[in-house]
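As a plain string of letters, each chain reads:
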Amino acid sequence: MWNDLGYPVGQANEIIAYFYNHVPNGVVNDRFDLSRQFGLHFDFSTPEYSQLKQIEPKKWESTRGLGYSFGYNQNDTDLNMISVDELVDSFVDIVSKNGNLLLNIGPNADGLISKLQTERLLGLGKWLDVNGEAIFGSRYWIRSEDVSTQGIRVRYTTNKGNLYAVLLDTPMSQTLTIPGLILPKNAKITMLGAKGKLEWQQCGQNLFVTLPDMSTVKKSPAYTLKISQIPLS
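Presented here is an overview of the structure given in this document. (Residues numbered from 1 in each chain as written. Predicted model: local features only at pLDDT ≥ 70, side-chain atom pairs only at ≥ 80, totals over all residues. Heavy atoms only, no water.)

### Brief notes about the overall build of the protein chain
If you tally the helices and strands in the protein chain, you get three helices and eleven strands. Counting helices and strands in the order they occur from the N terminus, the protein chain gives α-β-α-β-α-β-β-β-β-β-β-β-β-β. Seen through its principal axes, the protein chain has C-alpha atoms that stretch 60 × 40 × 25 Å. Evaluated residue by residue, the protein chain yields a buried proportion of 44% over its 233 residues. For the protein chain, the proportion of contacts with a sequence separation of at least 24, taken over those separated by at least 6, is 60%. Approximately 12900 Å² of the protein chain is accessible, and the part contributed by carbon and sulfur atoms is 53%. Computing the positive centroid from 22 side-chain charges and the negative centroid from 23, the protein chain places the two 9 Å apart. (Helix = DSSP H or I, 4+ residues; strand = E, 2+ residues; numbered from the N terminus. Buried < 20%, exposed > 50% of the residue type's maximum accessible area, 1.4 Å probe, protein only. Contact = heavy atoms within 4.5 Å. Areas by Shrake-Rupley, 256 points an atom, 1.4 Å probe, with all protein chains shown as cover. Lys, Arg positive; Asp, Glu negative; His and termini not counted. Charge placed at Lys NZ, Arg CZ, Asp CG, Glu CD.)

Here is the structure:
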């Protein structure tokens, strides 16, 4: 049960109790008590137009529109709407920290979704067609992020015994070095959407991965490395 704006004041406990009594597996968000002044119970926190800096074990959901409006705004342009690349980066970062993304889409007066919004939705869906296994049904790892020595931002998720390292930037070379990532000797690495296994070496605390020739890989907002054995660190 997702509320907004702290309404109705003074009746939240009764409403939440009624909901739980009738929906035993139900969950509620934190917006009966926006300022947390009443100390009310909630299952999901819902930061707006913001993301967390670290993993939050308690479930949370980042909520935002594609632009600055919750709903259709005829004045929206490409300049004030999140790009597909930014949307994918934000989504992956949120998931890596145990969050959900609630993305508001607003139809116009005719009930149609604007071209600007459609482009973002299709772009996100296209990325998920290739990289969805790193997202759907995934869980967070012992840490959410790293930066390679080449300056590539990395976000982690886990799913069915695999570690996924999502590269939020396009590698400019075939060498990727991730400090502090130590793999088991029998680990295998592939890139989702690319053919074949990737060569890798463990040099002390650093993981060296030989990436595919990126000119042969279809351009993407982010690239996902699938590691077949979840490392301990």
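Moving on from the coordinates now.
### Some remarks on the pattern of salt bridges
Two side chains that carry opposite charge are able to pair once their charged atoms sit near each other. The final tally for this structure, using the stated rule, is 13 salt bridges. Between D30 and R36 there is a salt bridge, and its shortest N-O distance comes to 2.7 Å. Assessed through its relative accessible area of 11%, D30 is described here as buried. In this structure, D78 and R120 form a salt bridge, with 2.9 Å as the shortest nitrogen-oxygen distance. Here D78, found in the loop between β1 (60-65) and α2 (84-96), pairs with R120, found in helix α3 (residues 115-131); they are 42 residues apart in sequence, far enough to count as distant. Connected through salt bridges with shared partners, the residues D93, K97, E145 and R155 form a single ionic network. (Salt bridge = Lys/Arg side-chain N within 4 Å of Asp/Glu carboxyl O.)

### Looking at the sheet that holds strand β7 (residues 189-191)
Sheet architecture is open: six strands sit in the order β3-β4-β5-β11-β7-β8, paired in antiparallel fashion. Both outer strands of the open sheet, β3 (145-147) and β8 (197-198), are each paired with one neighbouring strand and no more. Looking at chain direction, β3 and strand β4 (residues 153-159) are connected through three bridges and run antiparallel. Paired with E145 across the two strands is R155, which belongs to β4. Contacts between α2 and the sheet are confined to β3, β4 and β5 (162-167), with β4 contributing the most and set at about 50° to the helix. (Pairing = 2+ DSSP bridges. Axes fitted to C-alpha atoms, helices over the stretch in contact; angles between N-to-C directions.)

### So, the sheet that holds strand β9 (residues 200-203)
Read from one edge of the open sheet, three strands run β6-β10-β9, paired in antiparallel fashion. Looking at which strands have only one partner, the edges of the open sheet turn out to be β6 (175-179) and β9. Pairs of neighbouring strands in the sheet enclose a mean axial angle of 20°, with direction left out of account. One ladder, built from five bridges, connects β6 with strand β10 (residues 206-210); its direction is antiparallel. Bridged to L176 within β10 is V209.

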